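Residue-level listing of the chains:
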Amino acid sequence: MTTNRTYTMIKPDAVAEGHTGAIIKLIEEAGFRVVAIKKVHLTPAQAGQFYAVHQERPFYNDLCKYMSSGPIVPMILEKDNAVADFRTLIGATNPAQAAEGTIRKLFAKSIESNAIHGSDSDENAKIEGDFFFAGIEQF
Ligand code: CMP
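Residues numbered from 1 in each chain as written. Predicted model: local features only at pLDDT ≥ 70, side-chain atom pairs only at ≥ 80, totals over all residues. Heavy atoms only, no water.

*Asks:* Could you give me a rundown of the site of the ligand, with the residues and numbers involved?
*Replies:* Residues in close proximity to the ligand include Lys11, Tyr51, His54, Phe59, Leu63, Thr93, Arg104, Ile111, Glu112, Asn114 and His117, which together make up its full environment. Arg104 has a polar side-chain atom sitting 3.2 Å from an oxygen atom of the ligand. Note that an oxygen atom of the ligand is positioned 2.8 Å from one of the side-chain N or O atoms of His117. With the chains in place, 80% of the 450 Å² that the ligand exposes on its own is no longer accessible. Looking at the shell around the ligand residue by residue, the class counts come to four nonpolar, four polar and three charged. (Near = heavy atom within 4 Å. Polar contact = N/O pair within 3.5 Å; in protein donor to acceptor, adjacent residues only side chain to side chain. Areas by Shrake-Rupley, 256 points an atom, 1.4 Å probe, with all protein chains shown as cover. Nonpolar A, V, L, I, M, F, W, Y, C, P; charged D, E, K, R; others polar.)

*Asks:* Kindly report on the packing of aromatic side chains, identifying the contributing residues and their values.
*Replies:* Counted by the stated rule, this structure contains seven aromatic pairs. Their ring planes at 50° and their centres at 5.8 Å tell us that Tyr7 and Phe50 sit as a pair that is tilted. With Tyr7 in strand β1 (residues 5-10) and Phe50 in helix α3 (residues 44-50), the pair connects residues that are 43 residues apart, well separated along the chain. Overall, Tyr7 belongs to the buried group, its relative accessible area being 0%. Residue class for Phe50 comes out buried when judged on its relative accessible area of 10%. These aromatic residues form a ring-pair network of at least three members: Tyr7, Phe50, Tyr51, Phe131 and Phe132. For Lys38, the ring lying beneath its charged end belongs to Phe133, and the centroid distance is 5.0 Å. (Phe/Tyr/Trp six-rings, centres within 6.5 Å; stacked < 30°, edge-to-face > 60°. Helix = DSSP H or I, 4+ residues; strand = E, 2+ residues; numbered from the N terminus. Buried < 20%, exposed > 50% of the residue type's maximum accessible area, 1.4 Å probe, protein only. Lys NZ or Arg CZ within 6 Å of the ring centre and 35° of its normal.)

*Asks:* How would you summarise the sheet that holds strand β4 (residues 116-118) if you had to cite specific residues and measurements?
*Replies:* In sheet architecture, strand pairing relies on hydrogen bonds along the backbone and comes in two forms, parallel and antiparallel. Reading across from one edge, β2-β3-β1-β4 is the order of the four strands in this open sheet, with antiparallel pairing throughout. Each edge of the open sheet is held by one strand with a lone partner, namely β2 (33-37) and β4. Direction aside, the axes of adjacent strands within the sheet are offset by 25° on average. As defined by bridge partners, β1 adjoins β4 across three bridges and the pair is classed as antiparallel. Residue pairing across strands places Thr8 opposite Gly118, the latter belonging to β4. (Pairing = 2+ DSSP bridges. Axes fitted to C-alpha atoms, helices over the stretch in contact; angles between N-to-C directions.)

*Asks:* Pulling in residues and values, what's your account of the environment of Leu63?
*Replies:* In this fold, Leu63 is placed in helix α4 (residues 60-67). Since its relative accessible area comes to 6%, Leu63 is described here as buried. C-alpha separation for the pair Leu63 and Glu112, spaced 49 residues apart in sequence, amounts to 6.8 Å. Those residues within four positions of Leu63 in sequence are excluded, and the remaining contacts are Tyr51, His54 and Glu112. (Contact = heavy atoms within 4.5 Å.)

Any link to function would need more than the numbers given here.
Structure below.
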């Protein structure tokens, strides 16, 4: 399905290791426009709220701990076919299975510390973008 916007966040491992600029460069070079961006440090409860859809999964508690372990960089991005094209750009959730040249292949350390998130549908892109940017002007 064609869409114009997706939601992403650069995760704590990639931010802490100083990869924010390199990752944003790859995103822009792939034709995405950054329409909203900030840097935040989530509490475990906020991380749990964001990933509530995964609360029954065995990795949920560790995921909340990891996602609140340091600052992240949430963004809303714009491009034709944004959701699908962005998931191609970041590669598989598990970096061991990610294609060469993808952001996760380049920067992710493990299936949990996987450098970056990308929404999996238009509907979730809107929900996730609103989680961080509701009421904030987007350019
Ligand atoms: P993300 O695409 O942000 O969506 C959910 C996150 O949970 C995922 O990236 C990983 O960080 C994490 N995750 C998914 N599957 C696993 C797993 N099997 N073990 C640990 N963490 C996982």
